[in-house]
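Summary of the model geometry
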Amino acid sequence: MGMFMKVNTRLFGEIDVQEDKIINIDKGIIGFPDMKLFTLVFDSEKDDKNIMWFQSLDEPAFAMPVVVPNDIIEDYNPTIEDELLQPLGELTPENTYVLVTVKVPRNIEEMTINLKAPIIINTDTLIGGQIIVEDDVEVRFPVYDLLKKGECKIFGRFW
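Residues numbered from 1 in each chain as written. Predicted model: local features only at pLDDT ≥ 70, side-chain atom pairs only at ≥ 80, totals over all residues. Heavy atoms only, no water.

1. What about the side chain of Ser56?
Heads up, the condition is: Helix numbering and strand numbering both begin at the N terminus, where a helix is a DSSP run of H or I of at least 4 residues and a strand a DSSP run of E of at least 2. Exposure categories follow from relative accessible area, calculated using a 1.4 Å probe and restricted to protein chains: below 20% of the type maximum is buried, above 50% is exposed, and the middle band is partly exposed. Residues adjacent in sequence count toward polar contacts only when both atoms are side-chain atoms; beyond that, a polar contact is any pair of N or O atoms within 3.5 Å, and within protein one must be able to donate a hydrogen and the other to accept it. Between two residues, a contact is recorded if the distance between any of their heavy atoms is within 4.5 Å.
Relative to the helices and strands, Ser56 resides in strand E5 (residues 52–56). For Ser56, a relative accessible area of 0% puts it in the buried group. In this structure the side chain of Ser56 is engaged in a polar contact, spanning 2.9 Å, whose partner is the backbone nitrogen of Glu59. Aside from chain neighbours lying at most four places away, what touches Ser56 is Met35, Leu37, Phe38 and Phe62.

Written out as structure tokens, the structure reads:
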């Protein structure tokens with residue numbers, strides 16, 4: 001077990017982050033290029049472990065909900081230029097972790113996920129990046145109807 005870093009977050013209060021759980025996003029995320037260090041936080045008060053929070057360690061007030069896209073769209077496999085993935089190191093199916101951001105507006109029926117700009121993490125090196133994919137996929141893919149019909153694996157306990 002490595003060193004711990006204490007972070008006082010807006011959503012979770014003070015948390016301990018293990019050094020080996022810090023994800024380095026060298027170029028930052030879209031709209032926030034200065035935020036480079038993140039960790040994944042799970043809401044321990046809820047049984048649902050599918051929604052995670054991509055918590056900034058540079059700006060503790062910033063956290064955004066993320067999910068594994070294949071839990072919603074089973075065959076999500078975006079096309080990404082190799083040169084965009086090179087900074088992440090050697091990626092294999094075993095060490096590649098893909099997340100997409102979730103937008104949850106006041107009207108839950110308008111909830112969407114961003115399929116166009118996934119966050120890709122090399123779990124061996126903990127180096128990641130938010131990358132714009134080549135495919136013609138939606139930035140705001142609606143998920144409410146899929147959830148309501150039970151056609152995806154996440155958020156099941158809400159319906």
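2. Brief notes about the pairing of strand E9 (residues 119–122)
Selection rule: A pair of strands is treated as paired once DSSP finds two or more bridges between them.
Residue alternation in E9 divides its side chains into two sets, Ile119 and Ile121 and Ile120 and Asn122, and both sets are buried. Examined bridge by bridge, strand E7 (residues 96–103) and E9 share four bridges and lie antiparallel to one another. Counted as the bridge partner of Tyr97 is Ile121 from E9. Here E9 runs beside strand E10 (residues 127–130); their pairing, made up of four bridges, is antiparallel.

3. Here's the deal with the nonpolar core
Short version of the rule: Here the nonpolar core consists of buried residues drawn from Ala, Val, Leu, Ile, Met, Phe, Trp, Tyr and Cys, with membership extended through side-chain atoms lying within 4.5 Å.
Among the nonpolar cores identified, the biggest contains 19 residues, and Ile72, Ile113, Leu115, Phe141 and Val143 are the most heavily contacted of them. Of all the secondary structure elements, the ones that give two or more residues to this core are E7 and helix H2 (144–149). Leave out the neighbours within four places in its chain, and Phe141 touches Ile72, Ile73, Met111, Thr112, Ile113, Leu115 and Leu146. Of all hydrophobic cores here, the second largest spans 15 residues; its members include Phe38, Met52, Val68 and Ile119.

4. Considering the confidence of the model for the protein
Parts of the prediction with low pLDDT should not have their coordinates interpreted in detail. Stated formally: pLDDT expresses, on a scale from 0 to 100, how confident the predictor is about each individual residue.
Residues at a pLDDT of 70 or more form 87% of the protein, whose mean pLDDT is 86. Summarising per-element confidence for the protein, the mean pLDDT is lowest in H2 (73) and highest in E9 (97).

5. Comments concerning the environment of Phe38
Locating Phe38 in the fold gives a position in strand E4 (residues 37–42). Separated by 25 residues in the primary sequence, Phe38 and Ala63 have C-alpha atoms spaced 9.0 Å apart. Ignoring any residue separated from it by four or fewer positions in sequence, one finds Phe38 in contact with Lys21, Ile22, Ile23, Ile25, Ile29, Phe54, Gln55, Ser56, Leu57 and Phe62.

6. Comments concerning the pattern of salt bridges
Stated precisely, the cut-off is as follows: Salt bridge, as used here, is a side-chain nitrogen of Lys or Arg placed within 4 Å of a carboxyl oxygen of Asp or Glu.
For the structure shown, the criterion picks out two salt bridges. A salt bridge links Lys6 to Glu14, with the shortest nitrogen-to-oxygen separation between them at 3.9 Å. Exposure class is identical for Lys6 and Glu14. Each is exposed. One salt bridge in this structure joins Lys6 and Asp16, with 2.8 Å as the shortest N-O distance.

7. Topic: the packing of aromatic side chains
Here is the rule: Centres within 6.5 Å are what make two rings of Phe, Tyr or Trp a pair, Trp counting through its six-membered ring; a difference in plane orientation under 30 degrees is then read as stacked, over 60 as edge-to-face, and the rest as tilted.
Counting across every chain of the model gives three aromatic pairs. Centre to centre, the rings of Phe12 and Trp53 are 6.2 Å apart; their planes meet at 70°, and the pair counts as edge-to-face. Linking Phe12 in the loop between strand E1 (4–9) and strand E2 (13–18) with Trp53 in strand E5, this pair joins segments that are 41 residues apart in sequence. Judged by its relative accessible area of 24%, Phe12 falls in the partly exposed class. Arranged with centres 4.4 Å apart and planes meeting at 10°, the rings of Phe38 and Phe54 form a pair that is stacked. Placement of Phe38 in strand E4 and of Phe54 in strand E5 is noted, with a sequence separation of 16 residues between them. A single burial state applies to Phe38 and to Phe54, both of which are buried.

8. Some points on the environment of Val67
Residue placement: Val67 occurs in strand E6 (residues 63–67). The exposure class of Val67 is buried, given its relative accessible area of 0%. C-alpha separation for the pair Val67 and Ile51, spaced 16 residues apart in sequence, amounts to 5.3 Å.

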